[in-house]
Structures are given as structure tokens and as C-alpha cells.
Amino acid sequence: DIAIYRLPTLDPVCIGENAHRDWVFDMCWLDDQFLVSGSRDTKLALWRINEDLIDFPEKPAKEEEEACPSYAHINPVCVKEVRSAQKIRAVCFNKEYKEIALLSLNGYMHLFNAETFSQKMSRKLPNCQENVCIACQENGLYAVGCRSYTLLLDPRTLQAVKKIASRYNGCGIRSASFQQNILT
């Protein structure tokens, strides 16, 4: 299941159900209403969070209702099985190319068209040990973190353009992000 909370109060907005049969490892927002989740069950789910859920004014709570907050239940707009995938580990949205990129634990990177929610491509990555995180730069460049290095990939071909070794031997890369054209 996925859960959406209101900031800054962290009041629950909605719970998303009936999409995945195993753990959800990652999710990303496509815009203010659409969210994508990826799971160990090799499925990718598209969710829509309606504005009426987010902008709904809070009702004054009765004393007995305060202990149990209310929230909506939502179902996915669409669920897709990812071909050639084995346990989806990481998901990111590439705004430049309007695609959803995801990593599976069997060493593949998969691309989905964000507008049609259809699978475009799957490519086996070099050295498929523990590819667990992905980030996308504004120009579309991908960074994939794995067991002993970060791999930078051309967004058009998914070919490696640079390999950056981990600072500490034997310690896997667990998170990747771009900030002002700098990989961190």
C-alpha cells in the first residue's frame, strides 16, 4: 500500500490499495496529481490523487474521532507488469524525456512513456550487482548507484558515459541525486 499525508501536519489524505502484492520499494511524483510506485512484485502502478482529496477542508473533529483520523481509499489508475524485470528497486521521473525510469534487481533499467504508461525499452546494465538507486539530471542524464560505483547513462541510448568509483571499497551506493548539475 501507499499513503499520502498532508504537510505540515502529517494528517493522512489517502491510502492507495490493490496494486501490489509485495513490498513497495520506491515511488516518485510525476506532477502534483500523479504518482508512480514500483514493487518487488515486478509491477509499476500509476496513482491519481484528486485535488478534492488534497484541498478538502478539515472538519471539526469530535473528541472520539480525534484518536482515529479519517482518510480516503484510492485504487490505481493503471498497473503494469514490467517485462524483463525482477523486483523493481528504484523509480524516477525524467521530465526532459517524459519517461519513467526504473531499476530491477536483476540488473536491468526499464523506461516507460509517462504519457501513455507503456514500456519503451529495457536494457541490461553492466555489472548488475546491487543496482539500488537512480537519479535523473534536468538534461535527462541518469545516475545509477550500485555496489561499488555510480554509473552515468546517456538518456537516449542508456549506454554508460562515465563510471565513478565508490569512495570506500565494498560499500554500496544507496542514494543518488543531482543538485545544480552536480552529482551528490
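Our structure is the block above this text.
If you're wondering where the values come from, they're calculated on a predicted model, not measured in any experiment. (Residues numbered from 1 in each chain as written. Predicted model: local features only at pLDDT ≥ 70, side-chain atom pairs only at ≥ 80, totals over all residues. Heavy atoms only, no water.)

A. Structural detail: a nonpolar patch on the surface. Together, Tyr 5, Leu 7 and Leu 10 give the surface a local cluster of nonpolar side chains, amounting to about 370 Å² of exposed area. Counting through the fold element by element, Leu 10 comes out in the loop between strand S1 (2-6) and strand S2 (11-16). Among the residues examined, Leu 10 registers a relative accessible area of 54% and is labelled exposed. (Patch = residues over 30% accessible without salt bridge, like charges linked within 9 Å, V, L, I, M, F, W, Y side chains within 5 Å. Areas by Shrake-Rupley, 256 points an atom, 1.4 Å probe, with all protein chains shown as cover. Salt bridge = Lys/Arg side-chain N within 4 Å of Asp/Glu carboxyl O. Helix = DSSP H or I, 4+ residues; strand = E, 2+ residues; numbered from the N terminus. Buried < 20%, exposed > 50% of the residue type's maximum accessible area, 1.4 Å probe, protein only.)

B. A look at the pairing of strand S12 (residues 133-136). Where S12 meets strand S13 (residues 142-145), four bridges bridge the pair, whose relative direction is antiparallel. Residue pairing for S13: Ala 135 is matched across the bridge by Ala 143. Hairpin geometry of S12 and S13 is characterised by an intervening segment of five residues between the two adjacent antiparallel strands and by a positive phi of about 105° at Gly 140. (Pairing = 2+ DSSP bridges.)

C. Layout of the sheet that holds S2. In space, the three strands of this open sheet follow the order S1-S2-S6, with mixed pairing throughout. Each having just a single partner strand, S1 and strand S6 (72-74) make up the two edges of the open sheet. Averaged over all pairs of adjacent strands, the angle between strand axes in this sheet comes to 25°, irrespective of strand direction. For S2 and S6, the ladder comprises three bridges, and the chain directions are parallel. By the bridge assignment for S6, Gly 16 is matched with Ile 74. (Axes fitted to C-alpha atoms, helices over the stretch in contact; angles between N-to-C directions.)

Everything listed here is a matter of coordinates, which is why it stays silent on function.
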